[in-house]
Structure formats: C-alpha cells, structure tokens
Amino acid sequence: MNPTPPMARTVEAVRAFHDDLARLRQDLHAHPELGFEEERTAARIATFLQALGIEVHRHVGRTGVVGVLHGRSTASGRSIGLRADMDALPIQELGDPAYRSCIPGRMHGCGHDGHCAILLGAAKYLAQTRDFDGTVYFFFQPGEEGHAGAREMIRDGLFERFPAQQVFALHNWPSLPAGTIALNPGPMMAAIDRFSIRVQGRGGHGAHPQQAIDPILVASGIVSAVHTIVSRNVNPVDAAVISFQSFQSGAPEALSVIPDHAQLHGMVKWFKPQVQAVLRERLIETAQRVALAFGAQAEVHYEELYPPTVNHPEAAEALARVACRVVGEAHVVRDMEPSMGSEDFAFMLQQRPGAYFRLGQGMTDGRFLHHPRYDFNDATIPVGSGVFAALAEDLLAP
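This section reports on the structure supplied with the text.

Rules and cut-offs
Residues numbered from 1 in each chain as written. Predicted model: local features only at pLDDT ≥ 70, side-chain atom pairs only at ≥ 80, totals over all residues. Heavy atoms only, no water. Phe/Tyr/Trp six-rings, centres within 6.5 Å; stacked < 30°, edge-to-face > 60°. Helix = DSSP H or I, 4+ residues; strand = E, 2+ residues; numbered from the N terminus. Buried < 20%, exposed > 50% of the residue type's maximum accessible area, 1.4 Å probe, protein only. Lys NZ or Arg CZ within 6 Å of the ring centre and 35° of its normal. Polar contact = N/O pair within 3.5 Å; in protein donor to acceptor, adjacent residues only side chain to side chain. Contact = heavy atoms within 4.5 Å. Pairing = 2+ DSSP bridges. Axes fitted to C-alpha atoms, helices over the stretch in contact; angles between N-to-C directions. Salt bridge = Lys/Arg side-chain N within 4 Å of Asp/Glu carboxyl O.

**Focus on the packing of aromatic side chains**
1) Next: Per the stated rule, a full pass over the model turns up eight aromatic pairs.
2) Next: Their ring planes at 90° and their centres at 5.2 Å tell us that tryptophan 173 and phenylalanine 368 sit as a pair that is edge-to-face. Of this pair, tryptophan 173 sits in strand β5 (residues 166-173) while phenylalanine 368 sits in the loop between β16 (354-360) and α12 (381-395), and the two are 195 residues apart along the sequence.
3) Next: Using a relative accessible area of 10% as the deciding quantity, one classes tryptophan 173 as buried.
4) Next: Counting every residue linked through ring pairs, the aromatic cluster contains Tyr137, Phe139, Phe159 and Phe162.
5) Next: Against the face of phenylalanine 36 rests arginine 62, its NZ or CZ located 3.9 Å from the ring centre.

What follows is the structure in structure tokens.
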C-alpha cells in the first residue's frame, strides 16, 4: 500500500495472525467448491469458529454457516450481521501458485476464499476482545455465483433465527489500489435477469433454402434487433445492458443441412424497476415479431435473478466513517461508480439496512474477477478484517 495509510489497532491486531489467515485462504483456494457444494469449506470455517468459542450453526440455506458472538454485554439488544460468500467458479485455473486448485475445472476466480479469510480474521479479533455491547452474526453464505444463496439463507429463516439489525459485506476489487475502501450511499451493483429464446423454424436442405425457414437467420435478426432496445427505449441517463452469451443451432458436421431450431441465451442488467419493465417487454416483443416476420416462431423465457445491490445511506455513511478511521480518509472512496456486475447480497439489503463496500487489491495487469489467472491479494486480509471488526465495535459501542 503506497502511501502507507494510518492503520487502526484492529488492523494491527489482525496482522499478528495474518499468516494463519493467509494459509487458510490458500487452502480454500486449493480446494474450490461450487455453489451449494461447499461442504469442505463450511467444515473448515465451522472448525475455525468453534476453536474461538463462537457458537456455530451449520446448513443454514443448505451449506451456509452462521457464527454467533456475544459481546461483554448484550444489554443494548443491538446486533449486526457480517457476510462473506464461500463458493468458487467453474473455471479452469491457468495460474500456477503453490496452492493452485487441485480440482480440474474449478477455481476461486472471484476471491471468495479471501472474503472467508477476512471474515474469519474479524471473528478471531472480536472473539479475543469482545469489546462491544450486543451480538455479531457472521454469515458465511453459499452459492453467490448465480445460485442466489443469500435468498436461500433468508428462506431458511436467517433473520428470524439470527436477527441482525444491520448487515454489511465486502467484495475485493482488483483495479483499486491495495487496501483502498470504496463505496457510495446508493446503488453499488446492478440487478441481473436472464433469458432464453427458442426460435422454431423449418429444417431443410442448404441448397434449397426456399423450402426451409432458416432459424439461424431468424436468430441472427433477433440478436441484431435486441441490441437496439437499450439505445432506443431506455433514457440515456439510465444504465442498462442486454448481452447474449450463447447461440446454438445445428451441427458443424451436418453439411448442407438447415436446422429446424436455434437457441439463444443472454442476460439483462438494470438499476431501476421501470427500466427493467421496459427491457423485459421490448425483449419479448422484439424476439416474437422478428421471428414472425420470417415466418418462424420465438418462445421467450425470462427469469429475474438478483435485484440491484443498493446501500442504505445512513449505513453507508457509518461504514465510510469507520473506514476513514481505519485506513485514513485518503484511502476511502465515498463516491464509487456503480458496477454493472451483480451480487446477491442485494437480497439481504432488501431485508435489513446495511452497506456493501469494495476492498482494493492493487492488480494492474488485467487479472480482473473471473479471470483464469486471478488470485486474491493476501496482503489485504488484515485491512478487510480490521474494517469489519472496527465497524462492529463502532455500531455496538458500550
């Protein structure tokens, strides 16, 4: 970190056992597990928490773990929840660290291994000091990568069983300077919906196209038309994205064969519900009418996945205030530009006030999140742990 920020005592305290946290993080990295398969990860976390004397609950939201820690007093009745996600990605790791993934086609390409280590570091510090009045809940959440694990924990009674009054989470951010804390008082991450379009044409011989209805041509027209929806239907000051991720039709070895159908898959990103309504309506209408113009049919399936991740202003301000005290005001960004990425912590923020922040990783070589050579920067673990710990002490001050 350059220049060196004035670290608070929470960060310095975590530095005393930083090596243990880094080794644990690297062990998790070597043994990545996908959403709702995080049995080994959950067991390691539970064992770590139990060794600290923290009350542990397993299988919350299928594979989630919750730790419960009371302060020296609980007379205030106050409580907060601190969340880390646990799952890895279906990516083949191309980097070659000593702790490289030992599971083919699986890797921690988003830094959730680092998030777990950070929250465990905060848990260890708070368990040693207990310098707060109230209860801290440590939420280790499964299935963030497209599985809506946060929603699964909520449906499993998360806030009834562990009634946190506020919730906070972080995500590492490779392009920010290492140790920088970044947030804003409003939208942080976009919502995400996904869709599929099945185009039904009529198969035939490639040499006699007039006898067929070519679904590849129809689907291509749909792709082109859909890409005009945002630019001509959404207010230019409102952010939105529609992207296709898959186009499948026919078989490469089927010479001179026009297939009878094509399949498209994609995703929609938005911040405002009124924008989502326009995108959904126009997407369905455009696909069906383009197909009709060619004499084909289009069946559209549209699914809402994650809502936008929106910070509550008062919670964001409290977090920014604590972060300034921990790392110094020069290392806190209060007006972070929202990302069109998505995050299922949004479901928790719909249930409780709270805030989501980014922790800089200092990577300038293009290894962004989900890159096959990405690796979490272990040097930032004490900063993340220190901010979480200081936040708990501040909001639950005796």
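**Considering the side chain of threonine 135**
1) Next: Inspection of the secondary structure puts threonine 135 in strand β4 (residues 135-141).
2) Next: Residue classification places threonine 135 among the buried positions, given a relative accessible area of 8%.
3) Next: Within polar-contact distance, the side chain of threonine 135 engages the side chain of histidine 70 at 2.9 Å.
4) Next: Once you skip the residues sitting within four places of it in the chain, threonine 135 turns out to touch Val68, Leu69, His70, Thr74, Arg78, Ser79, Ile80 and Leu396.

**Comments concerning the pairing of β16**
1) Next: Among the seven residues that make up β16, seven are buried, leaving the element largely enclosed by the rest of the structure.
2) Next: Here β16 shows a buried face lined by Gly354, Tyr356, Arg358 and Gly360 and a second buried face lined by Ala355, Phe357 and Leu359.
3) Next: Pairing geometry for β5 and β16, over seven bridges, is parallel. Bridge assignment links leucine 170 to a residue of β16, and that residue is phenylalanine 357.
4) Next: Where strand β6 (residues 181-182) and β16 come together, two bridges link them in antiparallel fashion. Across the sheet, isoleucine 181 pairs through a bridge with leucine 359, a residue of β16.

**Looking at the sheet that holds strand β1 (residues 55-60)**
1) Next: A sheet is described by the order of its strands in space; here eight strands give the open sequence β1-β2-β4-β3-β5-β16-β6-β15, paired in mixed fashion. Both edges of this open sheet fall to β1 and β15 (332-333), since each of them pairs with a single strand only.
2) Next: Both strand β3 (residues 79-85) and β4 contribute to a ladder of seven bridges, which runs parallel. Paired with arginine 83 across the bridge in β4 is phenylalanine 139.
3) Next: Helix α10 (residues 313-327) contacts β5, β6, β15 and β16 of the sheet and is inclined by roughly 35° relative to β16.

**Let's talk about the environment of arginine 72**
1) Next: Counting through the fold element by element, arginine 72 comes out in the loop between β2 (64-70) and β3.
2) Next: Spatially, the C-alpha atom of arginine 72 lies 34 Å from that of phenylalanine 376, the residues being 304 residues apart in sequence.
3) Next: Among the polar contacts listed, one links the side chain of arginine 72 to the backbone oxygen of threonine 129, at a separation of 3.2 Å.

**What about the pattern of salt bridges?**
Between side chains of opposite charge, a pair can form as their charged atoms come close.
1) Next: Applying the stated criterion across every chain yields a total of 23 salt bridges.
2) Next: Across the pair arginine 334 and glutamate 317 runs a salt bridge whose closest N-O atoms are separated by 3.1 Å. Separated by 17 residues along the polypeptide, arginine 334 in the loop between β15 and α11 (345-351) and glutamate 317 in helix α10 bring together distant segments of the chain.
3) Next: The class of glutamate 317 is partly exposed, set by a relative accessible area of 40%.
4) Next: Linked through salt bridges whose partners overlap, the residues forming this network are Arg25, Asp113, Asp375 and Asp378.

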